[in-house]
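Structural overview
Residue strings, one per chain:
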Amino acid sequence: MGGAVYEIYPRTFYDSNGDGIGDIAGIIDKLPYLEDLGIRTIWLTPFYPHGGVDGGYDIRNHKDVDPEFGSIEDIKRLIEQAHNLGIKVMVDFVPNHTSNKHEWFAQSCDDPEGQFGNYYIWVDPKKRGPNDPKMPENVVGGDRLVGMPEEYTVPNNWTSIFSISEREKLKKQYGGTIPEGVKVPAVTAWVWHPGRRQFYLAEFTKEQPSLQWANPTVRKAQTDVLHFWFDLGVDGARIDVLNHILKDPELKDEEPVPDGEYDPNNDNPHDQKTQKYMVSYKPVLKLYIPQIQAVADKYPDRSIQFVHEDWITALKGDMSGDQISKLRPELDTAFNLARLLQTNKEGWRAAIHKRLLDLYHLAFFTDPDLIGGIPNEVASSHDVDRVVTRLGWHASRAAALIMLTAPGTPYIYQGEEGGFPNVRYEDIPLRMRRDADMGLRDGERCPMMWSRRKNAGFSDAPAANLWLPVDPNYLELNLEDQAKDPCSFYSLYRALLHTRNSSEELSHGGYNPMETDHQDVLAFGRSHPEERRQYITVVNFSEKEVEVAILNAKQNLARIAISSETVLTEDRSKVIRLDQGRIKLKPYEALLLEPVA
Ligand code: NOJ
Ligand code: CA
């Protein structure tokens, strides 16, 4: 793909018609901004007709645009105008589930024997014996089992990824803090359907039934969706929760996560970390991904790209075992989520990030299965707290410098370039909370802050009509003002992107692990193997000022090109002797050193 990808969450990017909701025409209006920032590809999260429960990931019709965002004509215009500016367009492909309002699901419910009868994962109920427990241990029905006859129980202990509501209920029950030793139950992944007198599987909300990927007709229907968008001119797809698409056909029980090993973001005894049985991973790689890849092969004169969301590999702790990127490295990559998971206060250690960067990026130059592949870096998305909220102001500027000087494709989430923090949960009025997951992801999805104008320049609508509220701090944080400040977050991103885009070494060069003489300082180099000069990224992970020597630089002389703290540096003209001198770094500062000709 080449260059940085910018993730757009259309609802809160830019509202062109004043109804309070961002739209496709709004994205078109902002293309020149993105081009000027140095973006080479945009990825749009779902803009399809949806059921309104999971930020668009509950699709009602895969081949259309929800009227609140615009029309197919608008998308065609967006593709054309983006292409005119040299910007590629990626869409979100959601293979695992649909909305329960999708025509396929309606037909599947009405006619079990019909064409769509086996489109979803339907399971007959089990009768429990007199001594059998009503529900598996630590699993509750929530509002999913309404109408289920007393003598039945769910098919197994699989649980919904969105079980956070149970934690919130318990918090209320205990007046704010859940006492130690009280386990938070998870909600079953099964939903009782009184009409079919069967359960259907729904690992996210109950309104998102999981498709039966073992059914070849489903696979064909879903790959047709990709054809539809590629025929329209789209250049690639981000593939949603790929690690979920195939379930264990034997429906074996999941092992609960051992105490103390829960995902801290999802205090749930059956979180994704150990979903061993729910997910049958290998067949996905062997049978299903090739079918997705075959779609790209129909467009031999285009360089179509796929990027896959695979939490299973990421949660194992590093991406060196990433199997997806090895299938056809020039076509598929998995998001490098392992480092994202350490981009927080606890994980911000030089040793942790050195290990992850070295393992991952070197593999793309040394592992024969990965050579020719495209590594990536990603620090935030519409699913995780914003990076400033996780790391604080200074370290997140350093994180940006690492991401934008490492090899491969950087993925920037809208507003990351402005250093926007999450809007605080307390600042989102109850009536405005949108996220299926108890509003917990709303904070990172609040509107872009473009200017000092009303609603931060996001929309002309009355504030009460906005999809989500604007950060009350927009007068300090907006992008228009930041553009005038050479040291702002925005100026840092823009400088890094422009430097990267104009440097062959930073765009396509190799990755050189480097050593320093300070345990809190990480360094890596970027150069082609035959070259004797390199760009060097050097990062102070500590809150103290440090002086450090880089031990294995290729060249002796360098100059500071960009500082994460000040962007432009007064030292720009000063030549540093890497073989003799020591480099001074402010607390949490990262520097990009450029070779001296
Ligand atoms: C991953 C998406 O990024 C997230 O926003 C969504 O809730 C889940 N997939 C379920 O579709
Ligand atoms: Ca609008």
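Notes on the structure in this doc start here. Here the structure is a predicted model, which means the values were calculated and not measured.

Some details on the coordination of the calcium ion (ligand 2)
Around a metal, the idealised angle for a tetrahedral arrangement of four donor atoms is 109.5 degrees; for an octahedral arrangement of six donor atoms it is 90 or 180 degrees. Protein ligation of the calcium ion (ligand 2) involves Asp15 (OD), Asn17 (OD1), Asp19 (OD), Ile21 (O) and Asp23 (OD), the donor distances falling in the range 2.2 to 2.4 Å. Donor residues binding the calcium ion (ligand 2) come from one chain and are separated in sequence as D-x1-N-x1-D-x1-I-x1-D. You can call Asn17 exposed: its relative accessible area is 53%. Among the residues examined, Asp19 registers a relative accessible area of 34% and is labelled partly exposed.

What to know about the sheet that holds strand S4 (residues 122-123)
Within the open sheet, the 3 strands sit side by side as S4-S10-S9. Their pairing is antiparallel. With one partner strand each, in any of the chains shown, S4 and strand S9 (190-193) form the two edges of the open sheet. Inspection of the sheet shows S4 paired to strand S10 (residues 198-201) by 2 bridges, in the antiparallel sense. Looking at S10, one finds that Trp122 is bridged to Tyr200.

Examining unusual backbone geometry
Located in the positive-phi region is Asn138, a residue other than glycine, with phi close to 65°. As for its position among the elements, Asn138 is in the loop between strand S5 (126-127) and strand S6 (139-140). Residue Leu251 is not a glycine yet carries a positive backbone phi of 55°.

Quick notes on the pairing of strand S17 (residues 521-527)
Burial runs high along S17: 7 of the 7 residues are buried. On S17, burial covers both faces: Val521, Ala523, Gly525 and Ser527 on one face and Leu522, Phe524 and Arg526 on the other are all buried. Pairing of strand S16 (residues 510-514) with S17, which is carried by 5 bridges, proceeds in the antiparallel orientation. In the strand pairing of S17, Asn512 is matched with Gly525. Between S16 and S17, which pair antiparallel in sequence order, lie 6 residues. Bridge analysis of S17 against strand S18 (residues 535-540) gives 6 bridges, and the strand direction is antiparallel. Each residue of the ladder has a partner; that of Gly525, found in S18, is Ile536.

Some words on the pattern of salt bridges
Under the definition given, this model contains 39 salt bridges. Note that Arg441 and Asp383 form a salt bridge whose closest N and O atoms lie 2.9 Å from each other. Of this pair, Arg441 sits in the loop between strand S15 (409-413) and helix H14 (474-477) while Asp383 sits in the loop between strand S14 (376-378) and helix H12 (387-391), and the two are 58 residues apart along the sequence. Taking the relative accessible area as the measure of exposure, Arg441 reaches 11% and is therefore buried.

Quick look at a negative patch on the surface
On the surface, Glu103, Asp110, Asp111 and Glu113 cluster together into a patch of negative charge. Given a relative accessible area of 38%, Asp111 falls into the partly exposed group.

What about the side chain of Asp471?
If you trace the backbone, Asp471 turns up in the loop between S15 and H14. It is Arg386 that comes nearest to the buried, bridge-free Asp471 among opposite-charge side chains, at 7.8 Å. Polar contacts involving the side chain of Asp471 include one to the main-chain amide nitrogen of Asn473, which spans 2.7 Å.

A few points about the site of ligand 1
The environment of ligand 1 is made up of 14 residues, and the closest members are Asp54, His97, Asp240, His382 and Asp383. Asp54 places a side-chain nitrogen or oxygen 2.8 Å from an oxygen atom of ligand 1. Between Asp383 and ligand 1, the recorded distance is 2.5 Å, taken from a side-chain N or O atom to an oxygen atom. When the free accessible area of ligand 1 is taken as 290 Å², the share hidden by the protein chains comes to 98%. Looking at the shell around ligand 1 residue by residue, the classes come out as 4 nonpolar, 3 polar and 7 charged.

Cut-off values and rules
- Throughout this document, residue positions are counted from 1 along each chain, in the order its sequence is written.
- Chains and ligands are labelled sequentially in the order written, the chains with letters from A and the ligands with numbers from 1.
- With the structure being a predicted model, the display of local features is reserved for residues of pLDDT at least 70 and the display and counting of side-chain atom pairs for 80 or more, all residues being used for whole-chain, interface and lining totals.
- No hydrogens and no water enter the side-chain calculation; it runs on all heavy atoms of the structure.
- For Na, K and Ca the donor cut-off is 3.2 Å; for every other metal, N, O and S atoms count as donors within 2.8 Å. Water does not enter the count, which can leave sites looking incomplete.
- The buried label goes to any residue with under 20% of its type's maximum accessible area, the exposed label to any with over 50%, and the partly exposed label to all in between, with areas taken from a 1.4 Å probe on protein chains only.
- We call two strands paired when DSSP finds no fewer than two bridges between them.
- The helix and strand labels rest on DSSP assignments: H or I over at least four residues marks a helix, E over at least two residues marks a strand, and numbering proceeds from the N terminus.
- One side-chain nitrogen of Lys or Arg within 4 Å of one carboxyl oxygen of Asp or Glu is enough to make a salt bridge.
- Residues enter a patch when their relative accessible area is above 30% and they make no salt bridge; the linking distance is 9 Å between like charges and 5 Å between nonpolar side chains (Val, Leu, Ile, Met, Phe, Trp, Tyr).
- The Shrake-Rupley method, run with a 1.4 Å probe sphere, supplies the accessible areas, and residue values consider only the shown protein chains as cover.
- Positive charges come from Lys and Arg alone, negative charges from Asp and Glu alone, with His and the N- and C-terminal ends not counted.
- By convention, the point assigned to a charge is CZ for Arg, NZ for Lys, CD for Glu and CG for Asp.
- Between N or O atoms, a polar contact is any pair within 3.5 Å; within protein, one atom must be a potential hydrogen donor and the other a potential acceptor, and residues adjacent in sequence are included only when both atoms are from side chains.
- Nearness of a residue to a molecule or strand requires only that one of the residue's heavy atoms be within 4 Å of it.
- Ten residues, namely Ala, Val, Leu, Ile, Met, Phe, Trp, Tyr, Cys and Pro, are considered nonpolar, four, namely Asp, Glu, Lys and Arg, are considered charged, and the remaining ones, Gly among them, are considered polar.

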